[in-house]
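# Survey of secondary and tertiary structure
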Amino acid sequence: MSGGATGCRVRIRPARETDFPVLYRLVREEVLPYAQQSSPGLRVTPDELRLRLRRSAVLVAVRGASGRRRGGAVIGFVAVIAAPGDRVRADGGDVELKGGDAWIDLIAVARSMQAKGVGSRLIKTAESLAERRGAGRAWVIVDAVNRRAMAFYGRHGYADYGAWPTPSHRLMGKSLGGG
């Protein structure tokens, strides 16, 4: 997959072990500042992030790559996982999480590439992957202070189901094409 609104060639591919240093930097720079507002003192070590990503399908956005060329700079990533069945109570009411629903666990795009379509490409590709694997819905937990992220998910069809798992987080979800 290449092209898009970025004005440069961007390809989405599965993450490789060699991508990890960039993924860790993106989490530190683009995710942790918001997460620490919701959970002061929160830290993520490289080992903790590696463990978290191992349970996910991780896709990266690569700039400057075309065709089968392996090069290019990683400018963003998304991690998506399947959820076990459960029922949660958000302040918007009970929400049933069915086994096989997808969770957008992490998404981050380099600041210089934000608002250029990279995040949209990543989320659409992750949703497509989840749907192909049988997920009928996708869910995400957003730090309530991250208004840009909440607006991003809203533009992509995610509804706000209310505060969960804490008052400083929002549960957002959507039905996928077949669900």
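For the structure, check the block above.
As a starting point, this report considers the structure included with it. (Residues numbered from 1 in each chain as written. Predicted model: local features only at pLDDT ≥ 70, side-chain atom pairs only at ≥ 80, totals over all residues. Heavy atoms only, no water.)

## Re the environment of V10
- Relative to the elements of secondary structure, V10 occurs in strand 1 (residues 10-14).
- Taking relative accessible area as the criterion, V10 reaches 0% and is therefore assigned buried.
- Along the chain, V10 and V62 lie 52 residues apart, while their C-alpha atoms are 5.4 Å from each other. (Helix = DSSP H or I, 4+ residues; strand = E, 2+ residues; numbered from the N terminus. Buried < 20%, exposed > 50% of the residue type's maximum accessible area, 1.4 Å probe, protein only.)

## Some words on the pattern of salt bridges
- A full pass over the atoms with the stated rule returns nine salt bridges.
- Of the charged contacts in the structure, one is a salt bridge between E29 and R25, with a shortest N-O distance of 3.3 Å. Taken together, the residues E29 and R25, both in helix 1 (residues 20-38) and four residues apart, mark about one turn of the helix.
- Relative accessible area serves as the criterion here: at 35%, E29 is assigned to the partly exposed category.
- Sharing partners across several salt bridges, the network here consists of R52, R55 and D105. (Salt bridge = Lys/Arg side-chain N within 4 Å of Asp/Glu carboxyl O.)

## Here we look at the pairing of strand 1
- Counting buried residues in strand 1 gives four out of five residues, a clear majority hidden from the surface.
- Sheet topology places strand 1 next to strand 2 (residues 57-63); five bridges connect them, and they run antiparallel. Residue pairing across strands places R11 opposite V62, the latter belonging to strand 2. (Pairing = 2+ DSSP bridges.)

## Topic: the packing of aromatic side chains
- Counted by the stated rule, this structure contains five aromatic pairs.
- Look at F20 and Y24: their rings are 6.2 Å apart centre to centre, the planes differ by 15°, and that puts the pair in the stacked class. Separated by four residues within a single helix, F20 and Y24 lie in helix 1, roughly one turn from each other.
- Accessibility expressed as a relative area gives 15% for Y24, which makes it buried.
- Ring geometry for Y153 against Y158: centres 5.2 Å apart, planes inclined by 70°, an arrangement best described as edge-to-face. Neither Y153 nor Y158 differs from the other in exposure class; each is buried.
- Connected via pairs of aromatic rings, a cluster forms that spans F152, Y153 and Y158. (Phe/Tyr/Trp six-rings, centres within 6.5 Å; stacked < 30°, edge-to-face > 60°.)

## What about the side chain of E30?
- Looking at where E30 falls in the secondary structure, it is placed in helix 1.
- What makes E30 buried here is its relative accessible area of 11%.
- Engagement of the side chain of E30 in a polar contact is seen with the side chain of Q114, the distance being 3.1 Å.
- Those residues in contact with E30 that sit more than four places away from it in its chain are A108, V109, A110, R111 and Q114. (Polar contact = N/O pair within 3.5 Å; in protein donor to acceptor, adjacent residues only side chain to side chain. Contact = heavy atoms within 4.5 Å.)

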